[in-house]
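Analysis of the macromolecular model
Residue strings, one per chain:
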Amino acid sequence: MDRQEAIQKAARLANEYIKNRNDAERKHKELNQLFKQFHLSWDEINEEDKHNAKK
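Numbering of residues begins from 1 in every chain and follows the order in which that chain's sequence is written. In view of the model being predicted, local features appear only for residues whose pLDDT reaches at least 70, and side-chain atom pairs are presented and counted only at 80 or more, with totals across whole chains, interfaces and linings using the full set of residues. In computing side-chain properties, one takes all heavy atoms of the structure into account and sets aside hydrogens as well as water.

**Focus on the nonpolar core**
The biggest cluster of nonpolar side chains holds 11 residues, and these are Ala6, Ile7, Ala10, Ala11, Leu13, Leu31, Leu34, Phe35, Phe38, Leu40 and Ile45. Elements with a minimum of two residues in this core: helix H1 (3-15) and helix H2 (21-38). Secondary structure follows DSSP: runs of H or I at least 4 residues long count as helices, runs of E at least 2 residues long count as strands, and numbering of each begins at the N terminus. Here this core takes 5 residues from H1, the largest share from any one element. Residues are treated as being in contact if the distance between any of their heavy atoms lies within 4.5 Å. If near-sequence neighbours (up to four positions away) are discounted, Leu34 is found in contact with Met1, Ala6, Lys9, Ala10, Leu13, His39 and Leu40. Here, nonpolar core means buried Ala, Val, Leu, Ile, Met, Phe, Trp, Tyr and Cys residues that are tied together by side-chain atoms lying within 4.5 Å of each other. For the exposure calls, accessible area comes from a 1.4 Å probe over protein chains only, and a residue counts as buried if that area is under 20% of its type's maximum, exposed if over 50%, partly exposed in between.

**Section: unusual backbone geometry**
Even without being glycine, His39 reaches a positive phi, approximately 50 degrees. If you trace the backbone, His39 turns up in the loop between H2 and helix H3 (42-54). Residue His39 is classed as exposed on the basis of its relative accessible area of 64%.

**Quick word on the environment of Arg12**
With respect to the helices, strands and loops of the structure, Arg12 is situated in helix H1. In this structure Arg12 comes out as partly exposed when scored by relative accessible area, which is 44%. Looking at Arg12, its side chain comes within polar contact range of the side chain of Glu16, at 2.7 Å. In protein, a polar contact requires one atom able to donate a hydrogen and another able to accept it; more generally it is a pair of N or O atoms within 3.5 Å, and residues adjacent in sequence count only if both atoms are side-chain atoms.

**Focus: the pattern of salt bridges**
Any Lys or Arg side-chain nitrogen located within 4 Å of an Asp or Glu carboxyl oxygen qualifies as a salt bridge. For the structure on display, the rule yields 9 salt bridges. A salt bridge links Lys27 to Glu16; the nearest nitrogen and oxygen atoms lie 3.2 Å apart. Of this pair, Lys27 sits in helix H2 while Glu16 sits in the loop between H1 and H2, placing them 11 residues apart in sequence. Overall, Lys27 belongs to the buried group, its relative accessible area being 5%. Given a relative accessible area of 28%, Glu16 falls into the partly exposed group. Taken together, the salt bridges that share partners define one network made up of Lys9, Arg12, Glu16, Asp23, Arg26, Lys27 and Glu30.

Structure below.
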């Protein structure tokens, strides 16, 4: 996975509906891992989200 794929995955995770507590914890852990591994920022995630909204 490269940085752009990580940004896309983080944007998707951030926008997904949370079904229950376990789902929320799983998404939180996955997002944290992506942020740490790829040194992401919320600005990058928000830009990707805006880009996806235009499609």
